[in-house]
Amino acid sequence: MSDLIEGYLGKTVEGKKSRVPAKLDYLQSATGLFLGLFMWGHMFLVSSILISKDFMYAVTKFFEASFIFDGGEPIIVSGVVLFVFIVFITHAAMGMRKLPSNFKQYQVIKAHAKSMGHEDTKLWFIQAYTGFAMFFLGSVHLYIMMTNADAIGPYASAERVWSAWMWPLYILLLLAVELHGSIGLYRLAVKWGWFDGKDPKATRKRLKVWKKALTWFFLILGFATLAAYIKIGYENQQAGKIGERYVPTAQIMEYKINNGRVA
Ligand code: HEM
Ligand code: HEM
């Protein structure tokens, strides 16, 4: 009954307002924090290809728990992606509450931002645009990872990036997620006063420097990684090696030794 009255009047009979919006904000921050930190790990893991194909192969097999199951179990990766996907959808649902839903609202926010002339308000716009873009870009990537977890590896990933045309999507997703994630983490630190210390103004300045540095670092790492997959994908396509899976050097050596080809 009290829900019904608040629904009509915006307040309960006791004159109180629901605490649900505050809880939803908290959920948004928690899911944002999880995703932001997850992405740091993700970018390092995916960039293992920059060290070598063998190293990327080893990382892939590690996440398939090959130390327990012989040859690895990709279903474990599918399960992890499903979990991340659920967090992603929850965060996006919470984010939707902040996006303007018609032109009038957009106009009001825009005019407000202009009159404030504050840089952090401009950052919010970037978060809204990049968040919107990720509804589509992020969902495509996560769904493919979840259903094709057995096709992650030095050759299979490169083939998807180049021959299966994922590279244009990855360029856009990389830009969106790096801008959105760094701004988001910066906003979280400011909102919850994590590193405030004695002089919050000086801290905010320092946090901004960190935000900028992290954005550039992960963008450069991401583009270098993407270039490495594109190169392998292109070379394999030219060599007619579509569908071929990478065989690690150690396995080739073992085969050669067992067949007496190496003394
Ligand atoms: C469909 C995808 C997404 C949408 C629609 C979305 C939307 C939003 C919006 C609108 C905000 C601003 C909230 C506010 O002003 O209070 C936000 C905050 C945030 N987002 Fe996202 N986001 C998405 C995906 C992601 C991803 C993949 C990451 C990981 C890097 C991420 C990390 C963050 C962080 C750390 C915050 C700050 C949380 C806060 O201020 O409470 N988001 N998101
Ligand atoms: C558990 C979840 C995830 C897994 C297992 C995963 C796995 C991968 C893999 C294996 C690649 C290499 C290319 C390929 O094989 O197609 C990749 C690339 C990429 N992923 Fe994810 N991913 C996950 C979640 C996410 C999320 C949530 C985002 C952002 C919203 C994201 C953004 C990207 C981007 C931008 C690339 C391009 C590579 C680069 O620029 O460095 N991924 N991911």
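Residues numbered from 1 in each chain as written. Chains lettered and ligands numbered in written order. Predicted model: local features only at pLDDT ≥ 70, side-chain atom pairs only at ≥ 80, totals over all residues.

- You'll find the chain entered in an unreviewed UniProt entry as Fumarate reductase cytochrome b subunit, with Halarcobacter anaerophilus given as the organism.
- UniProt, in the comment section headed Function (unreviewed entry), describes the chain in these words: "The fumarate reductase enzyme complex is required for fumarate respiration. This subunit anchors the complex in the membrane and binds a diheme cytochrome b." (UniProt positions renumbered as here; feature names shortened; annotations may be inferred.)

1. Notes on the overall build of the chain
Right, so step 1: Of the regular secondary structure elements, the chain holds ten helices and zero strands.
Right, so step 2: The N-to-C order of helical and strand elements in the chain reads α-α-α-α-α-α-α-α-α-α.
Right, so step 3: Its C-alpha atoms give the chain a radius of gyration of 23 Å, clearly above 18 Å, the size a compact globule of 263 residues would have.
Right, so step 4: Based on the C-alpha atoms only, the size of the chain along its principal axes is roughly 85 × 45 × 40 Å.
Right, so step 5: Burial analysis of the chain (263 residues in total) assigns 21% to the buried set.
Right, so step 6: The long-range fraction of contacts in the chain, counting pairs at least 24 apart against all pairs at least 6 apart in sequence, stands at 75%. (Helix = DSSP H or I, 4+ residues; strand = E, 2+ residues; numbered from the N terminus. Rg over C-alpha atoms; globule rule 2.2 N^0.38 Å. Buried ≥ 20, exposed ≤ 12 C-beta atoms within 10 Å, placed from the backbone. Contact = placed C-beta atoms within 7 Å.)

2. Some details on the site of ligand 2
Right, so step 1: Lining the immediate environment of ligand 2, one finds 26 residues, of which Gly138, Ser157, Tyr170, Gly222 and Thr225 sit closest.
Right, so step 2: When residues of the shell around ligand 2 are traced back to their parent elements, those giving at least two are α2 (20-46), α4 (74-96), α6 (119-147), α7 (154-162), α8 (167-192) and α9 (200-238).
Right, so step 3: Here the residues of the shell around ligand 2 are counted per class, giving 19 nonpolar, six polar and one charged. (Near = placed C-beta within 6 Å. Nonpolar A, V, L, I, M, F, W, Y, C, P; charged D, E, K, R; others polar.)

3. Quick word on the nonpolar core
Right, so step 1: Counting 24 residues, the largest nonpolar core has Ala158, Val161, Leu173, Ala176, Val177, Tyr229 and Ile232 as its most contacted members.
Right, so step 2: Among the elements of the structure, α2, α3 (53-63), α6, α7, α8 and α9 are those that each provide at least two residues to this core.
Right, so step 3: In contact with Ile232, not counting residues within four places along its chain, are Pro154, Tyr155 and Ala158. (Core = buried A, V, L, I, M, F, W, Y, C linked by C-beta atoms within 7 Å.)

4. What about the site of ligand 1?
Right, so step 1: Taken together, 28 residues surround ligand 1, and among them Gly32, Gly95, Gly131, Gly181 and Gly184 come closest.
Right, so step 2: Among the secondary structure elements, those contributing two or more residues to the shell around ligand 1 are α2, α4, α6 and α8.
Right, so step 3: Residue contributions to the shell around ligand 1 peak at eight residues, all from α8.
Right, so step 4: Of the residues that constitute the shell around ligand 1, the class distribution is 13 nonpolar, twelve polar and three charged.

5. Looking at the UniProt feature "transmembrane region" (unreviewed entry) in the chain
Right, so step 1: Under the feature "transmembrane region" (unreviewed entry), the UniProt entry names residues 26-51, 75-94, 123-144, 164-188 and 209-230.
Right, so step 2: End C-alpha atoms of residues 123-144 are separated by 30 Å, and the span's content is 100% helix alongside 0% strand.
Right, so step 3: Helix makes up 100% of residues 209-230 and strand 0%. Its end C-alpha atoms lie 32 Å apart.

6. A closer look at the environment of Gly243
Right, so step 1: Mapped onto the elements, Gly243 comes out in the loop between α9 and α10 (249-258).
Right, so step 2: Taking the C-alpha atoms as reference points, Gly243 and Ala156, 87 residues apart in sequence, are found 7.3 Å from one another.

7. Observations concerning the UniProt feature "binding site: heme b" (unreviewed entry) in the chain
Right, so step 1: As recorded in UniProt, the feature "binding site: heme b" (unreviewed entry) lies at His42, His91, His141 and His180.
Right, so step 2: Looking at the secondary structure, you find His91 in helix α4.
Right, so step 3: If sequence neighbours within four positions are ignored, His91 has contacts with Gln28, Thr31, Gly32 and Leu35.
Right, so step 4: Of note, His141 is situated in helix α6.
Right, so step 5: Overall, His141 belongs to the partly exposed group, with 19 C-beta atoms counted inside 10 Å.

8. Details of the packing of α4 against α6
Right, so step 1: Closest axis-to-axis distance for the α4/α6 pair is 10 Å, and the angle between their directions is 165°. In terms of axis orientation, α4 runs roughly antiparallel to α6. Note that α4 runs across α6; the crossing there is left-handed. The segment α4 lies against α6, with Ser78, Val81, Leu82, Val84, Phe85, Phe88, Ala92 and Gly95 engaging Gly131, Phe135, Gly138, Leu142, Met145 and Met146.
Right, so step 2: For the contact of α4 with α6, the residue count by class is ten nonpolar, four polar and no charged. (Axes fitted to C-alpha atoms, helices over the stretch in contact; angles between N-to-C directions. Parallel < 35°, antiparallel > 145°, perpendicular 65-115°, else oblique. Left-handed = near helix turned anticlockwise from the far one by under 90°.)

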